[in-house]
There are 2 protein chains.
Amino acid sequence: MTTKGPIEFYFDYSSPYGYVAATRIEDIGAAHGREVVWKPILLGVVFRATQSAPLTEVPLKGDYSKHDFARTCRYYNVPFKFPAKFPIASQAPARGHYWLWEQDPALAKRFSLAAFTAYFVDGRDVSAPEIAADVAAEQGVDRDAFLAAIAAPENKERLKAETEAALAKGVFGSPFMIVDGEPFWGSDRLPMLSAWLERGGW
Amino acid sequence: MTTKGPIEFYFDYSSPYGYVAATRIEDIGAAHGREVVWKPILLGVVFRATQSAPLTEVPLKGDYSKHDFARTCRYYNVPFKFPAKFPIASQAPARGHYWLWEQDPALAKRFSLAAFTAYFVDGRDVSAPEIAADVAAEQGVDRDAFLAAIAAPENKERLKAETEAALAKGVFGSPFMIVDGEPFWGSDRLPMLSAWLERGGW
């Protein structure tokens, strides 16, 4: 029996389609016997490299995308409320994620899904370290340790390095999935990703 | 019995995802009792309005999109070969389409699908009036009349007006579908469009 490689799941906590994918990616991995490695990145850095802007700030596309975020979430029966503050800088939860990941990947995933839900359902500004720490504490994480971790230089560096590594692999958006070297951009590519895993490519 | 409104199908002949949608949209319309109104537009004009660029010219996104065009076409069993000249200006086939549409919408659709195939399968540069006219002639259209039509001021104006009208409706890409006022952007939204028609929205 060969070991199947993981699905690398890149996302930014400020990305509505990243949130949609976060609610679905573990089921897809489980259905095809693939681990999912969650990798938060900083879309702001990626957008500078690709000369892009947040969808919501692009003329015409902005109005459409806000409509489509909500419609897509209703389609998948995922709760969603467009946050009053958008987009947000996601360093706090992203640093916390990698710190947790080194201790317990399952806990890191629960935290990250909770951070998405806090932002896109409850409108909590998880860019604020105190609020990110609240979300972590709700998952059983030591609040003070979390706050110390996201301020620690090594965790800042880790996030920078992960974002650079993602860019080097060609990641330019959120969500972005790579499996067996095959890249898939966007929550609307999840059905194709499933088909790819099912068929072993085409 | 109420009359169901049409699916407005906006596209540019230079758009690979527009080509994918063109091979599928009539089946979707037929499955749900909707006419499909084919509306070529000039993406260049749209991109200026939205400060966008062709996907293939964006760093990182460019390589991904070329990979994804081919993969998406294989997924749908649609023949595809990335053209040597890309993108192209699509005034010639677009003007011809509207001229044909006024005479025979079914013929205009056949011509437009043939123009897509000529470009994305056979690598023929349909931006050239002579080649667009060849494609029209292959569908039984009078070649000289076609060439005269695409040079006629009224057909130039028609295309400009259609592109402006599309922009005014919020169309910012190709393919772009509107049905009952509901907008869908991208060939990856076709399954959602089908579901929307099936359920009457959600």
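In short, a report on the structure. What you see is a predicted model; the values in this text were computed from it and never measured.

Moving on, we come to the packing of helix H5 (residues 91–103) of chain B against helix H6 (residues 105–120) of chain B. Residues and elements named next belong to chain B. Here H5 crosses H6 at 155°, and the two axes come no closer than 6 Å. Classed by the angle they form, the pair H5 and H6 counts as roughly antiparallel. Crossing hand, H5 versus H6: right-handed. Counted together, Pro93, Gly96, His97, Leu100, Trp101 and Gln103 of H5 and Pro105, Leu107, Ala108, Lys109, Phe111, Ser112 and Ala115 of H6 form the full contact between these two elements. In terms of residue class, the contact of H5 with H6 is built from eight nonpolar, four polar and one charged.

This paragraph deals with the interface of chain A and chain B. How big an interface is tends to be expressed through the accessible area that disappears when the partners come together. In this assembly, 33 residues from chain A lie in contact with 33 residues from chain B. Of the roughly 2900 Å² buried where chain A meets chain B, counting both sides, 60% is carbon and sulfur surface. Run the count over chain A and chain B and you get six salt bridges. A salt bridge links aspartate 188 of chain B to arginine 189 of chain A, with the nearest nitrogen and oxygen atoms 2.9 Å apart. Our count for the contact surface shared by chain A and chain B stands at 16 residue pairs in polar contact (both at pLDDT 80 or more). Contributions of two or more residues to the side of chain A that touches chain B are made by helix H3 (43–50), helix H4 (61–75), strand E4 (182–185) and helix H10 (190–199) of chain A. Of the residues forming the side of chain A that touches chain B, the biggest block, eight residues, is contributed by H4 of chain A. Its residues placed into classes, the side of chain A that touches chain B shows 19 nonpolar, six polar and eight charged.

Reading across the sheet, the four strands line up as E2-E1-E3-E4 (chain A) and stay open at both edges, with mixed pairing between neighbours. Edge strands, defined here as strands with exactly one partner in the open sheet, are strand E2 (36–40) and E4 of chain A. Taken pair by pair, the neighbouring strands of this sheet meet at an average axis angle of 20°, ignoring direction. Where strand E3 (residues 176–179) of chain A meets E4 of chain A, four bridges bridge the pair, whose relative direction is antiparallel. Pairing of phenylalanine 176 of chain A across the sheet is with tryptophan 185 of chain A, part of E4 of chain A. Packing of helix H4 (residues 61–75) of chain B onto the sheet brings it into contact with E3 and E4 of chain A, and relative to E4 of chain A it is tilted by some 95°.

Here the focus is the pattern of salt bridges. In the structure shown here, the tally under the stated rule is 30 salt bridges over all chains. Put simply, arginine 158 of chain A and glutamate 162 of chain A hold a salt bridge, and the shortest N to O gap is 2.8 Å. Of this pair, arginine 158 of chain A and glutamate 162 of chain A both sit in helix H9 (residues 153–168), four residues apart, which is roughly one turn of that helix. On the basis of relative accessibility, which here comes to 25%, the residue arginine 158 of chain A falls in the partly exposed class. Glutamate 162 of chain A gets classed as buried once you look at its relative accessible area, which sits at 12%. Between lysine 39 of chain B and glutamate 162 of chain B there is a salt bridge; the shortest N-O distance is 3.0 Å. Placement of lysine 39 of chain B in strand E2 (residues 36–40) and of glutamate 162 of chain B in helix H9 (residues 153–168) is noted, with a sequence separation of 123 residues between them. You can call lysine 39 of chain B buried: its relative accessible area is 16%. When salt bridges that share partners are traced, they join Asp68, Arg71 and Asp188 of chain A together with Glu182 and Arg189 of chain B into one network.

Calculation criteria
- Residues numbered from 1 in each chain as written.
- Chains lettered and ligands numbered in written order.
- Predicted model: local features only at pLDDT ≥ 70, side-chain atom pairs only at ≥ 80, totals over all residues.
- Heavy atoms only, no water.
- Axes fitted to C-alpha atoms, helices over the stretch in contact; angles between N-to-C directions.
- Helix = DSSP H or I, 4+ residues; strand = E, 2+ residues; numbered from the N terminus.
- Parallel < 35°, antiparallel > 145°, perpendicular 65-115°, else oblique.
- Left-handed = near helix turned anticlockwise from the far one by under 90°.
- Contact = heavy atoms within 4.5 Å.
- Nonpolar A, V, L, I, M, F, W, Y, C, P; charged D, E, K, R; others polar.
- Buried area = accessible area lost by both parts, 1.4 Å probe.
- Salt bridge = Lys/Arg side-chain N within 4 Å of Asp/Glu carboxyl O.
- Polar contact = N/O pair within 3.5 Å; in protein donor to acceptor, adjacent residues only side chain to side chain.
- Pairing = 2+ DSSP bridges.
- Buried < 20%, exposed > 50% of the residue type's maximum accessible area, 1.4 Å probe, protein only.

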